[in-house]
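Observations on the model geometry
Residue-level listing of the chains:
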Amino acid sequence: MTEITFKGKEFVYNHHLAVPFRPLVPHEVKGIGPVGFDGNIIVHGDNLHALKALLPLYAGKVDCIFIDPPYNTGNEGWRYNDNVNAPMIQEWMVANAIGTEDGLRHDKWCAMMWPRLRLLHEMLSENGSIWITLDDNEVHRARGMLDEIFGEDSFVGQLAWQKRTSRENRAVLSPSFDHILLYSKALKDTWKLRRNLLAPTEGGTAIPTMTRVASGPRFPSQLRAAATTRSTRSRRRPG
């Protein structure tokens, strides 16, 4: 299997194991209903520490994970702040915010993502899936890390989602689309069998959905695949 390489990988490879477990402290005034960890919860804090705190409760139990990490465009102002016991990583922690002029910004991004992806892999159930939004800056490096952590066979697909419909003439190519990476511990064919599908109607030809008209109420509608025809016009060359 092809492995991705980046500076600092040897220091962060097992860093998720060194992150201490921290207790989750409930805040009654910010919650709704009885305090408990068996329902919906919002965790405030460093996401690496939050994942490690949630691991004892949810290891191998999460069916769907969605993350929206920094795209690492160089304009987000994020800093590397994982306390890894290595001199090079310690220098990263006191450096300025990561910008386009930072020659190690891609290495820092990979080093930041690696332990989080390791923990997310542990939390995912055997038939669960993880969805990650990224743009062209890091999507290829993310795939390299995910292939190594989850396994190449766990790659389900790379989806394109249209983030804008207006024209952008300032760029070389108009950045109209971003990416969604989809991985699952289950093999692709197994995940396909166990994914949630929209149930067809009795006739088997329609899928019920909800449609909003203008600002009015929602009402059920039927979406059908209609056959289309294209009219063609033949031209005869002048003889």
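My aim in this report is to walk through the structure given alongside it, one point at a time. (Residues numbered from 1 in each chain as written. Predicted model: local features only at pLDDT ≥ 70, side-chain atom pairs only at ≥ 80, totals over all residues. Heavy atoms only, no water.)

Together, F37, I41, V43 and L57 line one region of the surface with nonpolar side chains, adding up to about 270 Å² of accessible area. On the secondary structure map, I41 appears in the loop between α2 (15-18) and α3 (47-58). (Patch = residues over 30% accessible without salt bridge, like charges linked within 9 Å, V, L, I, M, F, W, Y side chains within 5 Å. Areas by Shrake-Rupley, 256 points an atom, 1.4 Å probe, with all protein chains shown as cover. Salt bridge = Lys/Arg side-chain N within 4 Å of Asp/Glu carboxyl O. Helix = DSSP H or I, 4+ residues; strand = E, 2+ residues; numbered from the N terminus.)

Below, the discussion takes up the layout of surface pockets. Gaps between atoms show up when a probe of the same size as a water molecule is rolled over them. Within this model, the largest pocket holds a volume of roughly 790 Å³. Around the largest pocket, the lining comprises 25 residues; the ones closest to its centre are V25, P26, H27, I42 and V43. In the lining of the largest pocket, the residues fall into 13 nonpolar, 8 polar and 4 charged. The volume enclosed by the second largest pocket comes to roughly 600 Å³. Lining the second largest pocket are 25 residues, with N47, L51, F66, I67 and L120 positioned closest to its centre. Of all the secondary-structure elements, those providing two or more residues to the lining of the second largest pocket are α3, β1 (62-67) and α5 (105-123). Of the residues assigned to the lining of the second largest pocket, the class counts are 18 nonpolar, 4 polar and 3 charged. (1 Å grid on protein atoms, 1.4 Å probe; cavity = no way out; pocket = protein on both sides within 12 Å on 5 of 7 lines; lining within 4 Å. Points joined across faces, edges and corners; volume = space filled by probe spheres on them. Nonpolar A, V, L, I, M, F, W, Y, C, P; charged D, E, K, R; others polar.)

Quick look at the sheet that holds strand β3 (residues 155-162) now. The 4 strands are arranged β1-β2-β4-β3 in an open sheet whose pairing can be described as mixed. Among the strands making up the open sheet, the edge pair consists of β1 and β3. Direction aside, the axes of adjacent strands within the sheet are offset by 15° on average. In terms of strand pairing, β1 meets strand β2 (residues 124-134) through 5 bridges, oriented parallel. Considered in β2, the bridge of F66 is made with W131. Here α5 sits on the sheet and contacts β1 and β2; the angle it forms with β2, its principal contact strand, is near 150°. (Pairing = 2+ DSSP bridges. Axes fitted to C-alpha atoms, helices over the stretch in contact; angles between N-to-C directions. Contact = heavy atoms within 4.5 Å.)

Our focus in this paragraph is the nonpolar core. One finds Y80, W109, L117 and M145 to be the most contacted residues of the largest nonpolar core, which totals 42 residues. When contributions to this core are tallied by element, the ones reaching two or more residues are α3, β1, α4 (87-93), α5, β2, α6 (139-150) and β4 (177-184). Per-element tally for this core: the top contributor is α5, with 10 residues. For M145, the contacting residues outside a window of four places in its chain are I4, F6, W109, C110, M113, W114 and L117. (Core = buried A, V, L, I, M, F, W, Y, C linked by side-chain atoms within 4.5 Å. Buried < 20%, exposed > 50% of the residue type's maximum accessible area, 1.4 Å probe, protein only.)

Let us now look at unusual backbone geometry. Excluding glycine, residues mostly have negative phi values, and the peptide bonds linking residues are mostly trans. Phi at N72 is positive, roughly 60°, even though this residue is not glycine. Tracing the sequence through the fold places N72 in the loop between β1 and α4.

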